[in-house]
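Next come the chains, spelled out residue by residue.
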Amino acid sequence: MADPLHERDLARAALDLVAGAAGRYLEALPELPVRDEAADVVFDRLGGPLPERGDGTLASIEELLDIGTRGAIQSSGPRFFHLVVGGATPAAQAGDWVTGLLDQPAGLWIASPLATEAETVVIGWLKDLFGLPDTYGGVLTPSATFANLTALTCARHWWAAQHGVDVTADGLAGLPTMPVLASGYIHPSNRKALQILGCGRDTVHICARDDAGRVDIDAMERALIEIDGPAVLIASAGEVNTGDFDPIDALVDLARRYGAWLHVDGAFGLFAGVSPRLAHLVHGVERAHSVAADGHKWLNVPYESGFVFVRDAEMLGRAFGSWNAPYLPETGDTHLDYNRLGPESSRRARALPIWATLRAYGRSGYREMIERHHDLACRLGELVEEAPELELLAPVKLCVVCFRYRPAESGPDARTEPLTEAELDELNRRLGAELNADGRVYVGTTVYRGRVALRPAIVNWRTSAADIDLLAAVVREIGARVAAESRGARSAAGDA
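These figures come from a predicted structure and were not determined experimentally.

Parameters at a glance
- Position labels on residues start from 1 in each chain and follow its written sequence.
- Per-residue local features are limited, in this predicted model, to residues with pLDDT of at least 70; the limit for side-chain atom pairs, both in listing and counting, is 80 or more; totals at the level of whole chains, interfaces and linings are taken over all residues.
- With hydrogens and water set aside, each side-chain value is computed from the structure's full complement of heavy atoms.
- Only runs of H or I of at least four residues qualify as helices and only runs of E of at least two qualify as strands under DSSP, and these elements are numbered from the N terminus.
- Values of the radius of gyration come from C-alpha atoms, whereas the globule rule sets the reference at 2.2 Å times the count of residues to the power 0.38.
- Throughout this description, buried means an accessible area under 20% of the type-specific maximum (1.4 Å probe, protein chains only), exposed means over 50%, and partly exposed covers the range between.
- Strand pairing is assigned whenever DSSP identifies at least 2 bridges connecting the two strands.
- A helix is expected to span 1.5 Å multiplied by its residue count minus one.
- Regarding the arc, it is the one traced by the directions from the helix axis to the C-beta atoms.
- Each pair of aromatic rings taken from Phe, Tyr and Trp, with Trp reduced to its six-membered ring, is defined by centres within 6.5 Å and is described as stacked if the planes are under 30 degrees apart, edge-to-face if over 60, and tilted in the remaining cases.
- The nonpolar core is taken to be a set of buried Ala, Val, Leu, Ile, Met, Phe, Trp, Tyr and Cys residues, with the residues joined through side-chain atoms within 4.5 Å.
- Contact definition: two residues touch when any of their heavy atoms are within 4.5 Å.
- For this document, the term salt bridge refers to a Lys or Arg side-chain nitrogen within 4 Å of an Asp or Glu carboxyl oxygen.
- An axis is simply a line fitted to the C-alpha atoms; with a helix, the fit covers only the stretch in contact. Between two such axes, the angle follows the N-to-C directions and lies from 0 to 180 degrees.
- Oblique is the label for any angle not covered by the other classes, which are roughly parallel (under 35 degrees), roughly antiparallel (over 145) and roughly perpendicular (65 to 115).
- Take the far helix as the reference: if the near one is turned anticlockwise from it by less than a right angle, the crossing is left-handed, and if turned clockwise, right-handed.
- Gly counts as polar in this scheme, as do all residues outside two lists: the nonpolar Ala, Val, Leu, Ile, Met, Phe, Trp, Tyr, Cys and Pro, and the charged Asp, Glu, Lys and Arg.

Caption draft 1: Representation of the overall build of the protein chain. From N to C terminus, the protein chain includes 13 helices and 11 strands. By the compact-globule yardstick of 23 Å for 496 residues, the protein chain fits well, its C-alpha radius of gyration being 25 Å. With respect to the principal axes defined by its C-alpha atoms, the protein chain has extents near 80 × 70 × 45 Å. The proportion of buried residues among the 496 residues of the protein chain is 49%.

Caption draft 2: Highlighting the pairing of strand β1 (residues 137-141). For β1, the buried fraction is high: five of the five residues fall into the buried class. Neither face of β1 is exposed, since G137, V139 and T141 on one face and G138 and L140 on the opposite face are all buried. Where β1 meets strand β7 (residues 306-310), five bridges bridge the pair, whose relative direction is antiparallel. Within β7, the position partnered with T141 by the bridge is G306.

Caption draft 3: Spotlight on helix α12 (residues 421-438). Between its terminal C-alpha atoms α12 stretches 25 Å, which fits the 26 Å expected from 18 residues at 1.5 Å a residue. Of the positions making up α12, those classed as buried are L424, D425, L427, N428, L431, G432, L435 and N436. Along the axis of α12, the buried positions cluster into a sector of 160°, meaning they face one direction only. Just downstream of α12, G439 is the residue with a positive phi angle, here 90°.

Caption draft 4: Looking closely at the packing of aromatic side chains. This structure, assessed with the given rule, holds eight aromatic pairs. With centroids separated by 6.4 Å and ring planes inclined at 65°, the aromatic side chains of F130 and F309 adopt a geometry described as edge-to-face. In this pair, F130 is assigned in helix α4 (residues 113-130) and F309 in strand β7, connecting sequence segments 179 residues apart. Judged by relative accessible area, F309 falls into the buried class, the value being 0%. With 5.8 Å between their ring centres and 50° between their planes, W158 and W261 make a pair best called tilted. Highlighted residues: W158 in helix α5 (residues 144-162) and W261 in strand β5 (residues 261-265), separated in sequence by 103 residues. Ring pairing ties together the aromatic residues F130, F271, W298, F307 and F309, which thus form one cluster.

Caption draft 5: The arrangement of the environment of S143 in detail. Take S143: it is sitting in the loop between β1 and α5. Residue classification places S143 among the buried residues on the basis of a relative accessible area of 15%. When the C-alpha atoms of S143 and A480 are compared, they prove to be 38 Å apart, with 337 residues separating the residues in sequence.

Caption draft 6: Local environment of the nonpolar core. Counting 96 residues, the largest nonpolar core has L126, F130 and F307 as its most contacted members. The leading source of residues in this core is α5, at nine residues. Excluding its chain neighbours within four sequence positions, the residues that come into contact with F130 are L270, F271, V274, F307 and F309. In this structure, L431, L435, L454 and A483 belong to the second largest nonpolar core, which totals 28 residues.

Caption draft 7: Main features of the pattern of salt bridges. Enumeration over the complete set of coordinates arrives at 34 salt bridges. Of the charged contacts, one joins R45 and E63 as a salt bridge, the two residues approaching to 3.0 Å between their closest N and O atoms. In this pair, R45 is assigned in the loop between α1 (11-28) and α2 (57-71) and E63 in helix α2, connecting sequence segments 18 residues apart. E426 is paired through a salt bridge with R429; the nearest N and O atoms lie 3.7 Å apart. On the criterion of helical spacing, the pair formed by E426 and R429 is a turn pair, its members being three residues apart in helix α12. Judged by relative accessible area, R429 falls into the partly exposed class, the value being 44%. Taken together, the shared-partner salt bridges in this structure form one network comprising R45, E63, D66 and R70.

Caption draft 8: Region of the structure containing the packing of helix α8 (residues 217-227) against helix α9 (residues 248-258). Two elements in contact, α8 and α9, have axes whose closest approach is 11 Å; the angle formed by their N-to-C orientations is 15°. Here α9 runs roughly parallel to α8, going by the angle between their axes. For the pair α8 and α9, the sense of crossing is right-handed. Of the residues in α9, those touching α8 at I217, M220, E221, L224 and I225 are A250, L251, L254, R257 and Y258. Looking at the contact of α8 with α9 residue by residue, the class counts come to eight nonpolar, no polar and two charged.

Caption draft 9: Quick look at the pairing of β7. Counting buried residues along β7, five of its five residues qualify, which places the element largely inside the surrounding structure. Of the two faces of β7, the one lined by G306, V308 and V310 and the one lined by F307 and F309 are each fully buried. For strand β6 (residues 290-294) and β7, the ladder comprises five bridges, and the chain directions are antiparallel. Each bridged residue has a counterpart across the sheet, and for A293 the counterpart in β7 is F307.

Caption draft 10: Structural view of helix α7 (residues 188-196). Taken as a whole, α7 has its buried residues at S189, N190, A193 and L194. Seen from one end, α7 has its buried residues packed into an arc of 145°, which puts them on one side. When the buried face of α7 is taken as reference, the exposed residues oriented beyond 90 degrees from it are P188 and I196. On its buried face, α7 sits against α5, β2 (180-182), β4 (232-236) and β5. Positive backbone phi, approximately 80°, marks G198, located one or two places after α7.

Caption draft 11: Region of interest: the environment of F268. With respect to the helices and strands, F268 occurs in the loop between β5 and β6. Each C-alpha atom of the pair F268 and I468 lies 20 Å from the other, and the pair is 200 residues apart in sequence. In this structure, F268 is in contact with V84, A237, G238, E239, G243, K297, W298, L398, C399 and V400, ignoring residues within four places of it in sequence.

Structure below.
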């Protein structure tokens, strides 16, 4: 095939192919294995040399649909518990299709008033959903990583201004290292943001009072006294291993006492504020200088989606605007140009799926879903505590359950020589790999307080009690097999 102009009449037929496949795929999704390793062979069909003459619109879409529906991990399904990955609600998924259909450049108002107005509306709705003051500025980003980057860029601008420097115009030359303090809960995305900003990935001063990473506020205060100047504090709302929270209210008070900037990384934990029963976990977030979160986690909108809110609304423009490019119109106070408020210049209209899902389900729908997921996490925690061969490693706070497989003979009532901690770690590493190879459920491993553990996260709108019960059953089933193999290997080594 040649110029796509010659196939302009096939645009609707191509979308009809996708719509037809979508119906079949979505109907089967709840019962599909999360991963089918045997299907990986279809990826060979993605490769080969660049075609000189293409196959045409319909043939290429049919091929992509066949490869995709066979080879994709079902991360949008109810039993994908790895990382913290939501699905896409029906409204959000359809809204994303609308986004692709309209293909709006969402950076400049003059390029898409629709995208600009939709973004303004959803930023207001999100502030309302999370209980943040309406006066905060905000911008949508591709992820919480970008949201943290945006917030810390504003913090860096504020910090440099305390030293009499406009870092946007003049850079960091001549400035000292920006002091950044956090608990051991700090997420790598914050370090990545500091790395990008030239502040140094490893300059973060960790103030932790135990090997779990819980914040030592007294140590943080001593560090602020020693700094004796502007500093940046990072609070974590939803630690990735256990879902635990830094005490945001106390950290806000500390930041105010010493004139520091407080940033809250609420990638998924910010959603606790939607539920009256969980809102205490984020108490004080409404007083932070900046707040970041993901949309493609607990909001259950498609990738890529994040958002950031900044108390000084004008700070976003000072940190990212003023390009002095004559071809870019200056809209002034008339309209917002969101590409002047964040790191992206070319931007997708990611507000549309957010608008669709919030319009569809509202505050009460999201409150019900978040509380249902919290109930499911508590249910899994109870199943773990009831099983003699499972060990809960941390209290269930929100939607993450941290536990490990520990054979009964390794417990305190063991009648034989128990497995060592190193052997338990290896057992759980193997268990994690075997779970994902099995494919009925998908769960990642982590290292928490020096121990290898599973850490399923429950944030998908489809997940039900049956999925949680299956998760516990499959962990016990495969864990028993892996433990037996480990005992056999140990016995063979002892006989050698």
